[in-house]
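Spelled out from the first residue to the last, the chains are:
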Amino acid sequence: MAARSLEIGAEGIRAARTIEILRTERGLAQRQLADRVTALGHPMSNTMLSRIERAQRRCDVDDLVVIAEALLVSPLVLLQEPRAL
């Protein structure tokens, strides 16, 4: 069976950028946000978060929901067009 493509589409790239913007606006380092996500019961390293933000790792729905919770926003916010800093 052929490996499934992990190409990240426009929506995934948009979510990745929004996560980075919100994290930065809140003055959080990647490690701090990853620690918050882990504390919510979804283990995540800062490397995993970095790869999500750089659109090198897919952000699945479980990741999206818990990252939103850690950032104190609705998951829908992460799917919207990012605001400029």
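As a convention, each chain's residues are numbered from 1 in the sequence order in which they are written. In keeping with the predicted nature of the model, local features appear solely for residues at pLDDT of at least 70, side-chain atom pairs appear and are counted solely at 80 or more, and the whole-chain, interface and lining totals rest on all residues. Computation of side-chain values: all heavy atoms of the structure, hydrogens and water removed.

Attention shifts here to the layout of surface pockets. Definitions used for this entry: grid spacing 1 Å over protein atoms alone; cavity, a set of points where a 1.4 Å probe fits but cannot get out; pocket, an open set with protein on both sides within 12 Å along at least 5 of 7 lines; lining residue, one with an atom within 4 Å of a point. Grid points are joined across faces, edges and corners, and a volume is the space filled by probe spheres set on the points. Roughly 220 Å³ of volume is contained in the largest pocket. Around the largest pocket, the lining comprises 14 residues; the ones closest to its centre are Ile8, Glu11, Gly12, Ala15 and Cys59. Nonpolar residues are Ala, Val, Leu, Ile, Met, Phe, Trp, Tyr, Cys and Pro. Charged residues are Asp, Glu, Lys and Arg, and all others, Gly as well, are polar. Here the residues of the lining of the largest pocket sort into 8 nonpolar, 2 polar and 4 charged.

What follows concerns the pattern of salt bridges. The salt bridge criterion pairs a side-chain nitrogen of Lys or Arg with a carboxyl oxygen of Asp or Glu, the two atoms within 4 Å. Scanning the entire structure with this criterion turns up 4 salt bridges. Among the ionic pairs, arginine 14 bridges to glutamate 81, the shortest N-O distance being 3.2 Å. Taken together, the positions of arginine 14 in helix H1 (residues 10-25) and glutamate 81 in the segment after helix H5 (75-79) put the pair 67 residues apart, joining distant regions of the chain. Its salt-bridge partner being glutamate 20, residue arginine 17 comes within 3.0 Å of it at the nearest N-O pair. Think of it this way: any DSSP run of H or I at least four residues long counts as a helix, any run of E at least two long counts as a strand, and we number them from the N terminus.

What follows is about the side chain of arginine 23. Examined against the element boundaries, arginine 23 turns out to sit in helix H1. Since its relative accessible area comes to 9%, arginine 23 is described here as buried. Polar contacts, as used here, are pairs of N or O atoms within 3.5 Å; protein pairs need one atom able to donate a hydrogen and one able to accept it. Residues neighboring in sequence count only if both atoms are side-chain atoms. At 2.8 Å, the side chain of arginine 23 forms a polar contact with the backbone oxygen of leucine 28. By definition, residues are in contact when any of their heavy atoms lie within 4.5 Å. The contacts of arginine 23, once residues within four sequence positions are left out, are Leu28, Ala29, Gln30, Leu33, Leu49, Glu53 and Leu71. Throughout, exposure labels follow a simple rule: accessible area from a 1.4 Å probe, protein chains only, divided by the maximum for the residue type, with under 20% read as buried, over 50% as exposed, and the rest as partly exposed.

For the rest of this paragraph, the subject is helix H2 (residues 30-39). Leu33, Ala34 and Val37 are the residues of H2 that are buried. All buried residues of H2 lie within an arc of 100° about the axis, which places them on one face of the element. Buried residues in H2 make contact with H1, helix H3 (46-53) and helix H4 (61-70). Of the residues one or two after H2, glycine 41 is the one with positive phi, at around 95°. Each direction from the helix axis to a C-beta atom contributes to the arc, which is the arc of those directions.

Now for the packing of H2 against H4. In contact at an axis separation of 9 Å, H2 and H4 are set at 110° when each is read in the N-to-C sense. Considering their axes alone, H2 and H4 lie roughly perpendicular with respect to each other. Residues Leu33, Arg36 and Val37 of H2 touch H4, and the partners they reach there are Val66, Ile67 and Ala70. Taken together, the residues that form the contact of H2 with H4 break down as 5 nonpolar, no polar and 1 charged. A fitted line through C-alpha atoms serves as each axis, taken over the contacting stretch for helices, and the angle formed by two N-to-C directions is quoted from 0 to 180°. Every angle not falling under 35 degrees, over 145, or within 65 to 115 is termed oblique; those three ranges are roughly parallel, roughly antiparallel and roughly perpendicular.

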